[in-house]
Number of protein chains: 2
Amino acid sequence: MDSSGGVSPGRRRSLILLGCPEVPVQTSIALYLAYRLRERGDEVVVAGTGAALKLTKLADPLGHYLGETTNIDRCIASISEGKADFDQCFAFAHSDAGITYAGTISYISRALLFVLIFGRSAEELAETVEFDCRKLVAKAVHDPLPLKRLLDEVI
Amino acid sequence: MDSSGGVSPGRRRSLILLGCPEVPVQTSIALYLAYRLRERGDEVVVAGTGAALKLTKLADPLGHYLGETTNIDRCIASISEGKADFDQCFAFAHSDAGITYAGTISYISRALLFVLIFGRSAEELAETVEFDCRKLVAKAVHDPLPLKRLLDEVI
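In this text, all values refer to a predicted model and were calculated from it rather than measured experimentally. (Residues numbered from 1 in each chain as written. Chains lettered and ligands numbered in written order. Predicted model: local features only at pLDDT ≥ 70, side-chain atom pairs only at ≥ 80, totals over all residues. Heavy atoms only, no water.)

S.K.: So what's going on with the overall build of chain A? Which residues, and what values?
M.R.: Of the regular secondary structure elements, chain A holds six helices and six strands. Written out in order from the N terminus, the α and β elements of chain A read β-α-β-α-β-α-β-α-β-α-β-α. Taking 155 residues into account, the globule formula puts the C-alpha radius of gyration at 15 Å, and chain A, at 14 Å, falls close to it. Dimensions of chain A, computed from C-alpha atoms along their principal axes, come out at roughly 40 × 35 × 30 Å. For chain A, with 155 residues in total, the buried portion stands at 55%. When contacts within chain A are restricted to residue pairs at least 6 apart in sequence, those whose partners lie at least 24 apart make up 66%. Each charge class in chain A can be summarised by its mean position, and for the 17 positive and 20 negative side chains these summaries are 5 Å apart. (Helix = DSSP H or I, 4+ residues; strand = E, 2+ residues; numbered from the N terminus. Rg over C-alpha atoms; globule rule 2.2 N^0.38 Å. Buried < 20%, exposed > 50% of the residue type's maximum accessible area, 1.4 Å probe, protein only. Contact = heavy atoms within 4.5 Å. Lys, Arg positive; Asp, Glu negative; His and termini not counted. Charge placed at Lys NZ, Arg CZ, Asp CG, Glu CD.)

S.K.: Provide a residue-level description of the sheet that holds strand β5 (residues 112-117) of chain B, including the pertinent values.
M.R.: Residues and elements named next belong to chain B. Reading across from one edge, β3-β2-β1-β4-β5-β6 is the order of the six strands in this open sheet, with parallel pairing throughout. Looking at which strands have only one partner, the edges of the open sheet turn out to be β3 (68-71) and β6 (134-137). Within the sheet, the average angular offset between the axes of one strand and its neighbour, ignoring direction, is 20°. As defined by bridge partners, strand β1 (residues 13-18) adjoins strand β2 (residues 43-48) across six bridges and the pair is classed as parallel. Its bridge partner being in β2, Leu17 is matched across the sheet by Ala47. (Pairing = 2+ DSSP bridges. Axes fitted to C-alpha atoms, helices over the stretch in contact; angles between N-to-C directions.)

S.K.: A description of the interface of chain B and chain A should follow, citing residues and the corresponding values.
M.R.: Reports of interface size often rely on the accessible area that becomes lost once the parts have come together. Chain B puts 29 residues into the contact, and the matching count from chain A is 30 residues. Carbon and sulfur atoms supply 69% of the area that chain B and chain A bury against each other, a total of about 2500 Å² over both sides. Ranking the residues of chain B by area buried against chain A places Leu58(B), Tyr65(B) and His142(B) at the top, with a combined share of 27%. At the junction of chain B with chain A, the criterion picks out four salt bridges. Joining chain B to chain A, the criterion identifies twelve residue pairs in polar contact (both at pLDDT 80 or more). If you list the elements that add at least two residues to the side of chain B that touches chain A, you get α1 (25-39), α2 (50-58) and α6 (145-154) of chain B. Per-element accounting of the side of chain B that touches chain A gives the leading share, seven residues, to α1(B). Classifying every residue of the side of chain B that touches chain A gives 17 nonpolar, six polar and six charged. (Buried area = accessible area lost by both parts, 1.4 Å probe. Salt bridge = Lys/Arg side-chain N within 4 Å of Asp/Glu carboxyl O. Polar contact = N/O pair within 3.5 Å; in protein donor to acceptor, adjacent residues only side chain to side chain. Nonpolar A, V, L, I, M, F, W, Y, C, P; charged D, E, K, R; others polar.)

S.K.: Summarise the relation of the copies chain B and chain A; cite the residues concerned and give the values.
M.R.: Its rotation angle being 180°, the transformation that places chain B on chain A also includes 0.0 Å of axial translation and leaves an RMSD of 0.0 Å. Expressed as a symmetry operation, the mapping of one chain copy onto the other fits a two-fold axis. Taking C-alpha positions as the reference, the residue of chain B nearest the rotation axis is Pro24(B), at 2.2 Å. When the interface residues of chain B are mapped onto chain A, 100% of them again fall at the interface, so both copies present the same face. (Least-squares fit on C-alpha atoms with pLDDT ≥ 70 in both.)

S.K.: Which residues make up the layout of surface pockets, and what values go with them?
M.R.: For the largest pocket, the calculated volume is near 220 Å³. Taken together, 16 residues form the lining of the largest pocket, with Glu22(A), Glu22(B), Val23(B), Pro24(B) and Arg120(B) sitting closest to its centre. Split by residue class, the lining of the largest pocket holds seven nonpolar, five polar and four charged. (1 Å grid on protein atoms, 1.4 Å probe; cavity = no way out; pocket = protein on both sides within 12 Å on 5 of 7 lines; lining within 4 Å. Points joined across faces, edges and corners; volume = space filled by probe spheres on them.)

S.K.: Could you give me a rundown of the packing of aromatic side chains, with the residues and numbers involved?
M.R.: Inspection of the entire model under this criterion finds seven aromatic pairs over all chains. Look at Tyr65(A) and Tyr65(B): their rings are 6.1 Å apart centre to centre, the planes differ by 90°, and that puts the pair in the edge-to-face class. Taken as a pair, Tyr65(A) in the loop between α2 (50-58) and β3 (68-71) and Tyr65(B) in the loop between α2 and β3 lie in two separate chains rather than in one. A relative accessible area of 0% means that Tyr65(A) is categorised as buried. With centroids separated by 6.0 Å and ring planes inclined at 80°, the aromatic side chains of Phe92(A) and Phe118(A) adopt a geometry described as edge-to-face. Note that Phe92(A) is positioned in strand β4 (residues 88-93) and Phe118(A) in the loop between β5 (112-117) and α5 (122-127), a separation of 26 residues in sequence. Of the two residues, Phe92(A) and Phe118(A), both sit in the buried class. Cluster of aromatic residues (ring-pair linked, three or more members): Tyr35(A), Tyr65(A), Tyr35(B) and Tyr65(B). (Phe/Tyr/Trp six-rings, centres within 6.5 Å; stacked < 30°, edge-to-face > 60°.)

S.K.: Go over the pattern of salt bridges, please, and point to the residues and values.
M.R.: Here the structure, examined in full by the defined rule, presents 22 salt bridges over all chains. Note that Glu81(A) and Lys83(A) form a salt bridge whose closest N and O atoms lie 3.0 Å from each other. Arg40(B) is the partner of Asp42(B) in a salt bridge, and the nearest nitrogen-oxygen pair spans 2.8 Å. By relative accessible area, Arg40(B) is classed as partly exposed at 27%. Bridged by salt links that share partners, the residues Arg36(A), Glu39(A), Lys148(A) and Asp152(A) form one connected network.

S.K.: A description of the nonpolar core should follow, citing residues and the corresponding values.
M.R.: In this structure, Ile16(A), Phe92(A), Ile16(B) and Phe92(B) are the most contacted members of the largest nonpolar core, which totals 66 residues. Ignoring sequence-local partners within four residues, the contact set of Phe92(A) consists of Ile16(A), Leu17(A), Leu18(A), Gly19(A), Gln26(A), Ile29(A), Ala30(A), Leu33(A), Gly98(A), Leu116(A) and Phe118(A). (Core = buried A, V, L, I, M, F, W, Y, C linked by side-chain atoms within 4.5 Å.)

Dropping the structure here:
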């Protein structure tokens, strides 16, 4: 991970934050999102738990889409110590733990924060968000297209 | 889908069969497997339920890995009518439904059949298999590497 904290002129730095990959749509949406952000010219870092990163990396064996990856806790420590920051963050949340990660980002980073809230309890979970962010909420479990459509509107 | 039923000289035709994508490892392993089979020169068809195909396609937006896709029921109908067949089949199963699909293939196709059995009840599920196949069994839910290792041994 770039530890300079700086932003190259004209290039957005975007963070994709992946919690526990319990819900099948996460890996697909993460790869699609990383691809779309890199396609528009962003520098993209994908931070995730061990399992989330294994799943995304294995689905992209030649590394066409994913870009740079890092451990989620190391990434958060790096931001909170002022060693790195991002212009935008897309945080995935299908449980309280995911919301907690997103909330942490909202407090320590200057990034414009999008929280993708999905899974069977997406709507109830979205109501627990009390920090400043833009929520993208879809009851998606197996079908990634509702979440994809919400992302397409903001990318 | 090629409906000639023929096999090009020197090229294996391989089928990847994806049931309901309840368990997160399926999408990642399917993309990795399609990539590895195509890399060795196989003609690969990925047949799946609607949701399984949406998840794998979205994770591979430029189509680097996946290759040809088709609906699972149409694919099975095509084989049972003698319009298509394969040299090898890799059937994914984390539930009774997945085992049923694999069993159907064992009865209608001449393909060498591998059944990837995964998820929390992988071992119990593997014991229900009574048709001729090679079982690859791993209790994988979030971590795809145990299943990847089993595949690497047979590819």
